[in-house]
Amino acid sequence: MTTSTSSGPAFLATPRCDTTQAWRDLQSYFETQGRHFDVRQALQAEPQRFAQMAIEAPHVRADFSRNLLDASTLQLLNALAQQCQLQASIDALFSGLPLNTTEGRAAWHVLLRCPPGFAPEHPAMAQALMNVQASQDAFLSYAEQVRLDESITDVVNIGIGGSDLGPAVVVQALEAYRTAGKRIHFVSNMDGDDLGLTLRGLDPARTLFLVASKSFGTAETMVNAQVARAWLLAAHGYVLPEAQQQGVQPLPDDVPDALRALLSRRFVAMTSNAQAANAFGITTIFPFADWVGGRFSLWSSIGLSIAIAIGTQHFRALLTGAHAMDQHFRTTPVARNLPVQLALLDIWYRNFHGFPTRCIAPYSHGLRRLPAYLQQLEMESNGKGCDWNGDPITLATAPVIWGEAGTNCQHAFFQLIHQGPQVIPVEFIVLREHGLGTAAQHRALQANAVAQARALTFGKHDGPAYKHCPGNRPSTMLVLDRLDPASVGALIALYEHRTFVAGRLWGINSFDQWGVELGKSLAKEILAAHQPDEAAAQDVMRWLR
Ligand code: F6P
């Protein structure tokens, strides 16, 4: 995919939400009616509300009935999607148009989830799909080798952002599917304690490192990979000099062949920059296309740690679940399209009600890191103030995403959500079936999620004032049948598409992250100016100037 600029022929400039008639209609409806909506009354007055406001998508069912929405609002939001020509954006995503205009790339992660035998509509897609499937076969067959190799007990994924969070959240969610005998670790932080504490319990002879980095240049990943490489070589008596420069440190020429061979057995890279990985001393490289965005990359070879943890069959089931959600997104009319409806709700809350944050509360221990994953997905994608024409966006864009697993969240911050003066929409995620616990434990867990949702909706108005809960606080309930690979794949794809839709409506390129670059380059400059001034680093006050 090559076409480059926002003015290029393949760029799709659909109307921005705030330029449409539907937007103006929403504004006046909000002023006169919407802001006064009372969900308690609606639930009592509309016995059909639950049935009417439930949406079924593959592996995920959503109940919107506790939201601050009436039929007119929904109609206007759906009109907004039509007037923003959302379907054209969805088609563009699936046909690999370069929607990532600032980097001149497509965002074609949906291609990574097409099942074998899938017949693409576009000839370009057919070729790209053949390449995708060849590289998928390669990393999956490597994963199977590792799974069979009893000498490897520990696998350490070194990566950050999308090269860490996606695989980490899936491996954790699918812990019940992990093969016994293989521990999977994730190291991301530049703080040496992250890698240091991980290595402390590991045996160099039984550890495999996966260096996950699209660019193979991200500072944190390079530093951690270098320290891990030095650790492995040191175990065999070769002391690598500590890196004094930033970036990829090529393997010194005097490293003996036997150690080079060892390194290439114990280090693997998943990257779009094979050359840099090679210079580092890695020979087993699983490349992926540059149209795979970092936070959409767990489906590519970046997901190797997942494949090692759960095996090819379950990895394919993860893809199948995501593909089912892709098909739902691509073909379902707006009013029943779950990612679209969630994104429209985001617009309603963020831009009309003005709610600045959204809380994610998965009532599932396995999904406890989902909020962290969604922080990157939504905030790195849509936390922007400039549209695809380079014009400022004066509207609020991505809300702050935060959260914690239930029931822990109830004993931490739910107090504020129930009685604090600000309104925070909550997204509950619950599972129909239980995992390792007993049926009774699971019923209690579900009861707690439902209790929180009811408390938010209805509040409490009797007794002394300090016991009052205002109620009329919005929440959405997402229900998965169980925590299995297909459901997890579908859930993540759901959030990806919701993020894309919200971005398109706001006029945002959801696939770049230029704001992150400034801090990265300043850190490089600061480090270069002080290096290797250990004393300055220790004297924090001097360092901070
Ligand atoms: O945080 C910025 C970012 O570029 C993310 O988008 C990306 O997921 C992460 O850094 C890691 O990048 P890489 O895979 O190139 O190391």
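Each chain has its residues counted from 1, running along the sequence as written. Per-residue local features of the predicted model are confined to residues with pLDDT of at least 70, and side-chain atom pairs are confined, for both listing and counting, to 80 or more; whole-chain, interface and lining totals are unaffected and use all residues. With hydrogens and water excluded, all non-hydrogen atoms of the structure serve as input to the side-chain values.

Looking at an unreviewed UniProt entry, one finds the protein chain named Glucose-6-phosphate isomerase, with Lampropedia cohaerens as its source organism. UniProt positions are given in the numbering used here, feature names are shortened, and annotations may be inferred rather than shown by experiment. In its Function (unreviewed entry) section, UniProt records this for the protein chain: "Catalyzes the reversible isomerization of glucose-6-phosphate to fructose-6-phosphate." Looking at the protein chain in UniProt, the text filed under Sequence similarities (unreviewed entry) is "Belongs to the GPI family."

Caption draft 1: Focus on the overall build of the protein chain. Where helices and strands are cited, they refer to DSSP runs of H or I of at least four residues and of E of at least two residues respectively, numbered from the N terminus. The secondary structure content of the protein chain amounts to 20 helices and 11 strands. Here the radius of gyration uses the C-alpha set of atoms, whereas the globule reference equals 2.2 Å times the residue count to the power 0.38. A compact globule built from 545 residues should have a C-alpha radius of gyration of about 24 Å, and the protein chain, at 24 Å, falls within 12% of that. Here the C-alpha coordinates of the protein chain stretch approximately 80 × 55 × 55 Å along the principal axes. For every residue, the accessible area obtained with a 1.4 Å probe (protein chains only) is divided by the maximum for its type, and the residue is called buried under 20%, exposed over 50%, and partly exposed between those limits. Going through the 545 residues of the protein chain one by one, you find that 54% of them count as buried. We call two residues in contact whenever any of their non-hydrogen atoms come within 4.5 Å of each other. Considering only contacts within the protein chain whose residues lie at least 6 apart along the sequence, 75% involve residues at least 24 apart. Computed by Shrake-Rupley with a 1.4 Å probe, the accessible areas treat only the displayed protein chains as cover when residues are assessed. Summed over its atoms, the accessible surface of the protein chain is roughly 22,800 Å², and 55% of this surface lies on carbon and sulfur atoms.

Caption draft 2: Highlighting unusual backbone geometry. Note that the residue after Gly 406, namely Thr 407, is joined by a cis bond; omega there is 10 degrees. Note that Thr 407 resides in the loop between strand E9 (400-403) and helix H15 (414-419). Although it is not a glycine, Phe 216 adopts a positive phi angle of roughly 45 degrees. Checked against the element boundaries, Phe 216 lands in the loop between strand E5 (207-212) and helix H9 (219-234).

Caption draft 3: Summary view of the side chain of Thr 221. Mapped onto the secondary structure, Thr 221 falls in helix H9. Look at Thr 221 and you get buried, because its relative accessible area is 2%. Contacts of Thr 221, omitting those with residues within four sequence positions, involve Ile 158, Gly 159, Ile 160, Val 211, Ala 212 and Ser 213.

Caption draft 4: Molecular detail of the packing of helix H5 (residues 86-94) against helix H12 (residues 304-331). The axes used here are C-alpha line fits, helices contributing only the stretch in contact, and every angle between their N-to-C directions lies in the interval 0 to 180 degrees. Where H5 meets H12, the closest approach of the two axes is 9 Å, and the angle between their N-to-C directions is 145 degrees. Judged by residue contacts, Gln 87, Ile 90, Asp 91, Leu 93 and Phe 94 of H5 engage Asp 326, Phe 329 and Arg 330 from H12. Nonpolar residues are Ala, Val, Leu, Ile, Met, Phe, Trp, Tyr, Cys and Pro. Charged residues are Asp, Glu, Lys and Arg, and all others, Gly as well, are polar. Broken down by class, the residue content of the contact of H5 with H12 amounts to 4 nonpolar, 1 polar and 3 charged.

Caption draft 5: The arrangement of the sheet that holds strand E10 (residues 426-431) in detail. Here the rule is simple: two strands pair whenever DSSP picks up at least two bridges between them. As summarised here, the arrangement of the 6 strands in space is E1-E2-E11-E10-E8-E9, forming an open sheet in which the pairing is mixed. With partners counted over all chains shown, the strands left at the sheet margins are strand E1 (54-57) and E9, one partner each. The average angle at which neighbouring strand axes cross in this sheet is 20 degrees, direction not considered. Pairing of E10 with strand E11 (residues 475-480) involves 6 bridges; the strand directions are parallel. Paired with Ile 429 across the two strands is Leu 478, which belongs to E11.

Caption draft 6: Structural detail: the domain arrangement of the protein chain. Segmenting the protein chain into domains produces domain 1 (36-95 + 332-506), domain 2 (109-308) and domain 3 (516-545). One C-alpha centre belongs to domain 1, the other to domain 3; they are set 40 Å apart. Where each domain starts and ends comes from a domain assignment, either automatic or drawn from a database.

Caption draft 7: Fine view of helix H16 (residues 439-458). Helices are assigned an expected span. That span is 1.5 Å times one less than the residue count. Between its first and last C-alpha, H16 extends 28 Å over 20 residues, near the 28 Å set by a 1.5 Å rise per residue. On its buried face, H16 is in contact with helix H2 (39-45), H15, E10 and E11. Positioned one or two residues after H16, Gly 459 has a phi angle of 65 degrees, which is positive.

Caption draft 8: Examining helix H10 (residues 257-266) more closely. All of the buried residues in H10 are Leu 259, Leu 262, Leu 263, Ser 264 and Arg 266. Residues of H10 that are buried in the fold lie against E5, H9, strand E6 (267-271), helix H11 (274-280) and strand E7 (284-287).

Caption draft 9: Region of interest: the environment of Ala 243. With respect to the helices and strands, Ala 243 occurs in the loop between H9 and H10. With relative accessibility at 30%, the residue Ala 243 sits in the partly exposed group. Residues Ala 243 and Gln 226, spaced 17 residues apart in sequence, show a C-alpha to C-alpha distance of 7.9 Å. Excluding residues within four positions of it along the chain, Ala 243 makes contact with Gln 226 and Gln 249.

Caption draft 10: Layout of the confidence of the model for the protein chain. The pLDDT value tells you how sure the predictor is about a given residue, anywhere from 0 up to 100. Of the residues in the protein chain, 95% reach a pLDDT of 70 or more, and the chain-wide mean stands at 94. Confidence drops under a pLDDT of 50 for residues 1-9, and excluding neighbours within four residues, the segment shows 18 contacts in the predicted structure. Overall fold confidence for the complex sits at a pTM of 0.96, while the interface term, ipTM, reaches 0.98.

Caption draft 11: Fine view of the packing of aromatic side chains. For Phe, Tyr and Trp, where Trp contributes only its six-membered ring, two rings pair if their centres lie within 6.5 Å, and the inter-plane angle classes them as stacked under 30 degrees, edge-to-face over 60, or tilted in between. One pass over the structure, following the stated rule, counts 20 aromatic pairs. Ring geometry for Phe 139 against Phe 315: centres 5.6 Å apart, planes inclined by 90 degrees, an arrangement best described as edge-to-face. Highlighted residues: Phe 139 in helix H6 (residues 123-148) and Phe 315 in helix H12, separated in sequence by 176 residues. Considered together, Phe 139 and Phe 315 belong to a single accessibility category, that of buried residues. Look at Tyr 349 and Phe 355: their rings are 5.3 Å apart centre to centre, the planes differ by 45 degrees, and that puts the pair in the tilted class. As far as the burial class goes, Tyr 349 and Phe 355 line up, both buried. Among the aromatic side chains, those forming a connected cluster through ring pairs are Phe 94, Phe 296, Phe 329, Phe 500 and Phe 511. Both a distance and an angle decide whether a charge sits over a ring: NZ of Lys or CZ of Arg must be within 6 Å of the ring centre and within 35 degrees of the ring normal. One cation-aromatic arrangement involves Arg 113 over Trp 299; the distance from NZ or CZ to the ring centre is 4.6 Å. Over the ring of Phe 280 we find Arg 229; its NZ or CZ atom is 4.1 Å from the centre of that ring.

Caption draft 12: A look at the site of the ligand. Any residue with a heavy atom lying within 4 Å of a molecule or strand is counted as near it. Lining the immediate surroundings of the ligand are 15 residues, of which Ser 163, Ser 213, Ser 215, Thr 218 and Glu 380 lie closest. We call two N or O atoms a polar contact when they sit within 3.5 Å, provided that within protein one can donate a hydrogen and the other can accept it, with sequence-adjacent residues counted only if both atoms are side-chain atoms. One of the backbone N or O atoms of Gly 162 is found 2.8 Å from an oxygen atom in the ligand. Within the side chain of Gln 376, one N or O atom sits 3.3 Å away from an oxygen atom of the ligand. Contact with the protein chains covers 89% of the free accessible surface of the ligand, which is 390 Å². Listed by contribution, the elements that provide at least two residues to the shell around the ligand are helix H14 (370-382) and helix H18 (514-530).

Caption draft 13: Seen up close, the pairing of E7. Here E6 runs beside E7; their pairing, made up of 4 bridges, is parallel. Residue pairing across strands places Val 268 opposite Thr 284, the latter belonging to E7. By the criterion used throughout, a crossover qualifies as right-handed when its path from the first strand across the helix to the second strand runs clockwise, the strands pointing away from the viewer. On the question of chirality, the crossover connecting E6 to the parallel E7 by way of H11 is right-handed.

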